[in-house]
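Reading the structure
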Amino acid sequence: MLELKNVTKIFNPNTVNEKLALDRLSLTLEDGDFVTVIGGNGAGKSTMLNAIAGTYPIDGGKIFINGREISKLPEHKRAKFIGRVFQDPMTGTAADMWIEENMSLAMNRGKRRGLGWAITDADRQLYKELLQRLDLGLEDRLSTKVGLLSGGQRQAITLLMASMNNPELLLLDEHTAALDPKTAAKVLSITREIIEESKLTTLMITHNMQDAINNGNRLIMMNAGTIILDVRGEEKKKLTVEKLLETFHKISGSSFANDRALLS
Amino acid sequence: MDLLNALPGAVAQGFIWGIMAIGVYITYKILDLADLTVDGSMVTGMAVCAMLMVNGWNVWPAMLIALLAGMLCGLLTGIFHTFMGIPAILSGILTQLILWSVNLKIMGKANQALPARSYDVLIRQLDKYHALVILALFCVVIIALLYWFFGTKFGAAVRATGCNEKMARAQGINTSFNKVFGLALSNGIVALAGALLAQYSGKADINDGRGAIVIGLAAVIIGDALISRLPQNFVVRLTGVILGGVIYYIVYQTVIFIGLDTDLLKMLSALVVAIFLAIPHFKKTYFSKRTRKEDADHA
Ligand SMILES: Nc1ncnc2c1ncn2[C@@H]1O[C@H](COP(=O)(O)OP(=O)(O)O)[C@@H](O)[C@H]1O
Ligand SMILES: [Mg+2]
């Protein structure tokens, strides 16, 4: 399904700020895999997702989705296959546009945007039904500017938008990190429902180890631009936060004093 | 000539600058780009329309070509900005300078007369009420077309590009293309306003576009203030911009009428626009100071 082959990303090459953010990273996802991604600050998690989405070009390696090489495509063309939710709730939606306008932008992801009306009554009906499932009372506020909503509401809408038209890959980058614990839990449970219902192949970065263990069928841990741990199936179910911390310490060899807070 | 007699003429000119300001609105408000191309593309519209009509063209195709020429100006700025990665402000300045030469070449000199008695123009200063009706119709048609366009899938994608570029790209929108398109659309409208101004004033002059961006911004700002208490939709906003142009021009005529030194007009316009552009900044600093003080009071 998704295949990363020796992907390398270097920021600010040939300067004092040179940073090897992805170091010949290889990863293969099967259809329907729900992979949680953990790792210390600066491990390269976001860089991996951005490299897949095409936010910036990579400096080595190749990326495939369902056998098609996408590593040379511009970001907006890759969006046809990829749905994304970002950490900052402001990033995923257009604040000055209405809820229904935002949803219609997502509805047309990967399609030709011609001179037909952006939103028809049939579209509105569909958006209402989708919003109803969030159970946040947004279905009656189709013509509310998204900028007036709370961070949690915006993330929930972004999630709906990202999963519209069943993308081949869903990329979630700490999308609950900016929310208060109660809202974060709610958004996470919506996430789980959407992924399970549409069987979306998903990469979800999280800073919360327990969430990483409880969700998905596979867990990877990153450090210094590579994957240092890859656990799936039954083995993953047996993981505990303590075991993960121990493993991290053993494999990365780094002190956990700072990272512990970031990971757990 | 007293002020009341001058009013219809001021309103007619205000409509023309209002149409130009709609072009500015598209870049400044919708695309969130400050585009200085307009000082040049306004004159390109005037020059193209005047030269074609002097050479025997009918007014309608002459205006259409003027509009297309304006779109080319925007296209150039768009290519500087997206393909060549030059900041938008600088891209506009570069095109503006290029257009100074191009406009001189189009006219072959610094100005071209287009006397209304010799040519079959659409609007003329001598017939102000007729001009008012025609210009009002132009405003209505332009607003209606833009309302339709920005309600389409393509138009919505252009709005998203200006509103949140990162989100737009994540939703598969080609933001570079949309910026180039928006700049072309904007400058096409500006050049159309230029073509109308050349007919109304009976001439095209290389200096006529100087400060057009400031007049456009002034109209947009006045328009915003006018409609701030009305229910907001696109038609209301664009109508506000047109009225902003009209009010700007009435004030302008009044200032001339009271006998103020006309050499100072551009400076005054710029200062007024500067103050209005600063208001959001002042509001923010004032507001945040107040909340900080309130916090202290509670503590
Ligand atoms: N746009 C950028 N420019 C320069 N350096 C960057 C950029 N993005 C990330 N980095 C660096 O690359 C490394 C990996 O960052 P990132 O992928 O954001 O880590 P995380 O695992 O916390 O998401 C960090 O050292 C970071 O400072
Ligand atoms: Mg990150």
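Structure report, in brief. Within each chain, residue numbers correspond to sequence positions counted from 1 in written order. Note on labels: chains are lettered from A, ligands numbered from 1, in written order. Note on the predicted model: pLDDT of at least 70 is required for a residue's local features to be given, and 80 or more for side-chain atom pairs to be given and counted; whole-chain, interface and lining totals, by contrast, use all residues. As a rule here, side-chain values come from all non-hydrogen atoms in the structure, and water together with hydrogens is ignored.

**Digging into the overall build of chain A**
Put simply, the test is: Helix and strand definitions here come from DSSP, where helices need a minimum of 4 consecutive H or I residues and strands a minimum of 2 consecutive E residues; each element is numbered from the N-terminal end. Between the two quantities, the radius of gyration covers C-alpha atoms and the globule rule is 2.2 Å times the number of residues to the power 0.38. Buried, partly exposed and exposed residues are distinguished by accessible area as a fraction of the type maximum, computed with a 1.4 Å probe on protein chains only: under 20%, between the cut-offs, and over 50%, respectively. Every residue pair with non-hydrogen atoms within 4.5 Å of one another is taken to be in contact. Only the protein chains shown count as cover for residues, and all accessible areas are computed by the Shrake-Rupley method using a 1.4 Å probe.
Check the secondary structure of chain A and you find 10 helices and 10 strands. Its C-alpha atoms give chain A a radius of gyration of 19 Å, near enough to 18 Å, the size a compact globule of 264 residues would have. In terms of principal-axis extent, the alpha carbons of chain A reach across some 60 × 40 × 35 Å. Counting only residues that meet the buried cut, chain A has 54% of its 264 residues in that class. For chain A, the proportion of contacts with a sequence separation of at least 24, taken over those separated by at least 6, is 67%. Carbon together with sulfur atoms contributes 48% to the accessible area of chain A, which is approximately 12,000 Å² in total.

**Quick word on helix α1 (residues 45-53) of chain A**
All names here are of chain A. Of all the 9 residues making up α1, 8 are buried; the element is thus mostly covered by neighbouring parts of the structure. Those residues of α1 not exposed but buried are Lys45, Thr47, Met48, Leu49, Asn50, Ala51, Ile52 and Ala53. Just downstream of α1, Gly54 is the residue with a positive phi angle, here 90 degrees.

**As for the sheet that holds strand β4 (residues 60-65) of chain A**
Residues and elements named next belong to chain A. Condition: For two strands to pair, DSSP has to find at least two bridges joining them. Every axis in this analysis is a line fitted to C-alpha atoms, fitted for helices over the stretch in contact. Angles between the N-to-C directions lie between 0 and 180 degrees.
An order of β2-β1-β4-β5 is seen for the 4 strands of this open sheet, with the pairing classed as antiparallel. With partners counted over all chains shown, the strands left at the sheet margins are β2 (19-29) and β5 (68-69), one partner each. The sheet contacts of α1 involve β1 (2-11), β2 and β4, and relative to β2 the element is tilted by about 65 degrees.

**Let's talk about the site of ligand 1**
All names here are of chain A. Inclusion rule: One heavy atom within 4 Å of a molecule or strand makes the whole residue count as near it. Definition of a polar contact: a pair of N or O atoms within 3.5 Å, with one able to donate and the other able to accept a hydrogen when the atoms are protein atoms, and with sequence-neighbouring residues admitted only if both atoms are side-chain atoms. Side-chain classes are defined by residue name, with Ala, Val, Leu, Ile, Met, Phe, Trp, Tyr, Cys and Pro counting as nonpolar, Asp, Glu, Lys and Arg as charged, and the others, Gly among them, as polar.
Taken together, Phe11, Asn12, Lys19, Ala21, Gly40, Asn41, Gly42, Ala43, Gly44, Lys45, Ser46 and Thr47 make up the full set of residues near ligand 1. Asn41 is positioned such that a nitrogen or oxygen atom in its side chain is 3.4 Å from an oxygen atom of ligand 1. Within the contact set of ligand 1, an oxygen atom lies 3.2 Å away from a backbone nitrogen or oxygen of Ala43. Protein chains bury 65% of the 560 Å² of accessible surface belonging to ligand 1 in isolation. Elements with a contribution of two residues or more to the shell around ligand 1: β2 and α1. At 3 residues, the largest contribution of residues to the shell around ligand 1 is made by α1. Broken down by class, the residue content of the shell around ligand 1 amounts to 3 nonpolar, 7 polar and 2 charged.

**What to know about a nonpolar patch on the surface**
Using the following cut-off: Patch membership requires more than 30% relative accessible area and the absence of a salt bridge. Residues of like charge join within 9 Å; the nonpolar side chains Val, Leu, Ile, Met, Phe, Trp and Tyr join within 5 Å. Any carboxyl oxygen of Asp or Glu that lies within 4 Å of a side-chain nitrogen of Lys or Arg is treated as forming a salt bridge with it.
Together, Leu115 and Trp117 of chain A together with Val141, Leu145, Tyr147, Trp148 and Val235 of chain B line one region of the surface with nonpolar side chains, adding up to about 680 Å² of accessible area. With 4 residues, the top contributor of residues to the nonpolar patch is helix α5 (residues 128-151) of chain B. Mapped onto the elements, Trp117 of chain A comes out in the loop between α3 (99-107) and α4 (121-134).

**A look at the pattern of salt bridges**
Following the criterion strictly, the structure yields 17 salt bridges over all chains and no others. Two residues, Glu165 of chain B and Lys179 of chain B, come together in a salt bridge whose shortest N-O distance is 3.2 Å. Here Glu165 of chain B is found in helix α7 (residues 165-170), whereas its partner Lys179 of chain B is found in helix α8 (residues 175-201), with 14 residues between them in sequence. What makes Glu165 of chain B partly exposed here is its relative accessible area of 30%. Three or more residues joined by partner-sharing salt bridges are found here, namely Glu75 and Arg84 of chain A together with Glu165, Arg169 and Lys179 of chain B.

**As for the packing of α3 of chain A against α4 of chain A**
For any two helices packed against each other, one specifies the inter-axial angle together with the distance between the axes. Residue and element names in this part refer to chain A. Applicable threshold: Here the word oblique covers every angle except those under 35 degrees (roughly parallel), over 145 (roughly antiparallel) and from 65 to 115 (roughly perpendicular).
At a minimum axis separation of 10 Å, α3 and α4 run at an interaxial angle of 100 degrees. Judged on the interaxial angle alone, α4 and α3 are roughly perpendicular. Residue-level inspection shows Ile99, Glu100, Met103, Ser104 and Met107 of α3 in contact with α4, the latter providing Asp123, Arg124, Leu126, Tyr127, Leu130 and Leu131. Here the contact of α3 with α4 is composed, by residue class, of 7 nonpolar, 1 polar and 3 charged.

**Quick word on the pairing of strand β7 (residues 169-173) of chain A**
Residues and elements named next belong to chain A. The criterion, for reference: With the strands aimed away from the viewer, a crossover counts as right-handed if its path from the first strand over the helix to the second runs clockwise.
The buried fraction of β7 amounts to 5 of the 5 residues, a majority that puts the element mostly inside the structure. Because side chains alternate across β7, one face comprises the buried residues Leu169, Leu171 and Asp173, and the other comprises Leu170 and Leu172, equally buried. Relative to β7, strand β6 (residues 82-85) is paired through 4 bridges, and the arrangement is parallel. Within β7, the residue paired with Gly83 across the bridge is Leu170. Alignment of β7 against strand β8 (residues 202-205), held across 4 bridges, turns out to be parallel. Bridging across to β8, Asp173 finds its partner in Ile205. As a crossover connection, the stretch from β7 through helix α6 (residues 181-198) into β8 is right-handed.

**A word on the sheet that holds strand β3 (residues 34-39) of chain A**
All names here are of chain A. Spatially, the 6 strands line up as an open sheet ordered β6-β7-β8-β3-β9-β10, and their pairing is mixed. With partners counted over all chains shown, the strands left at the sheet margins are β6 and β10 (226-232), one partner each. Strand-to-strand twist across the sheet, computed as the mean angle between neighbouring axes with direction ignored, equals 20 degrees. Summarising the sheet, β3 and β8 pair through 4 bridges and their orientation is parallel. The residue bridging Phe34 from the neighbouring strand is Thr202, located in β8. Contacts from helix α5 (residues 151-163) reach β6 and β7, with the element oriented near 175 degrees to β6.

**As for α4 of chain A**
Residue and element names in this part refer to chain A. Heads up, the rule is: By this rule, a helix spans an expected 1.5 Å times one less than how many residues it contains. Here, the arc refers to the directions that run from the helix axis to the C-beta atoms.
With 14 residues, α4 should cover 20 Å at 1.5 Å per step; its first-to-last C-alpha distance of 21 Å lies within 8% of that length. Buried residues of α4: Asp123, Tyr127, Leu130, Leu131 and Leu134, and no others. Buried residues along α4 cover an arc of 95 degrees about the axis, so they all sit on one side. Exposed side chains of α4 directed beyond 90 degrees from the buried face belong to Asp121, Ala122 and Arg133. In this structure, the buried residues of α4 make contact with α3, α5 and α6. Positive backbone phi, at 60 degrees, marks Asp135, one or two positions downstream of α4.

**Comments concerning the environment of Gly70 of chain B**
All names here are of chain B. Here Gly70 lies in helix α3 (residues 59-81). Sequence-wise, Gly70 and Gly194 are 124 residues apart; in three dimensions their C-alpha atoms are separated by 9.3 Å. Excluding its chain neighbours within four sequence positions, the residues that come into contact with Gly70 are Ala184, Asn187, Gly188 and Ala191.

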